[in-house]
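Commentary on secondary and tertiary structure
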Amino acid sequence: MDGPAKDAPTGDDPVLATYRKSIDNIDAAIIHMLAERFRITQAVGEYKAKATLPPADPAREKRQIERLRALSEAADLDPEFSEKFLRFIIDEVIRHHEKARGK
């Protein structure tokens with residue numbers, strides 16, 4: 001028999017376990033990168049509040065979305081997914097910036 005038995009639990013499948021370990025490592029890296037990104041954007045929000053700059057920068061957001069859509073296409077990742085993901089992050093950052101501003 002070449003593969004695991006049909007009724008074997010997936011936890012006993014070494015190939016699947018290897019894939020899942022890689023996925024878990026990538027998920028951990030994503031969380032750490034998001035945490036670092038939010039630490040930096042928090043500093044940006046504090047700076048903007050002190051400098052009385054607006055919490056949002058629609059022109060930069062547009063450029064970032066265009067840039068990441070192009071990167072997504074080059075990486076063979078759905079640009080619609082990437083834009084939704086980035087929009088979610090941007091909206092959360094703006095919320096933090098508004099909070100830092102006392103809005």
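What counts, and where the lines are drawn
- Residues numbered from 1 in each chain as written.
- Predicted model: local features only at pLDDT ≥ 70, side-chain atom pairs only at ≥ 80, totals over all residues.
- Heavy atoms only, no water.
- Helix = DSSP H or I, 4+ residues; strand = E, 2+ residues; numbered from the N terminus.
- Buried < 20%, exposed > 50% of the residue type's maximum accessible area, 1.4 Å probe, protein only.
- Polar contact = N/O pair within 3.5 Å; in protein donor to acceptor, adjacent residues only side chain to side chain.
- Contact = heavy atoms within 4.5 Å.

**Considerations on the environment of Glu98**
Checked against the element boundaries, Glu98 lands in helix α3 (residues 79-101). The class of Glu98 is partly exposed, set by a relative accessible area of 29%. For the pair Glu98 and Ala49, spaced 49 residues apart in sequence, the C-alpha separation works out to 8.3 Å.

**Description of the side chain of His97**
Within the secondary structure, His97 sits in helix α3. In this structure the side chain of His97 is engaged in a polar contact, spanning 3.2 Å, whose partner is the backbone oxygen of Pro55. In this structure, His97 is in contact with Thr41, Val44, Gly45, Lys48 and Pro55, ignoring residues within four places of it in sequence.

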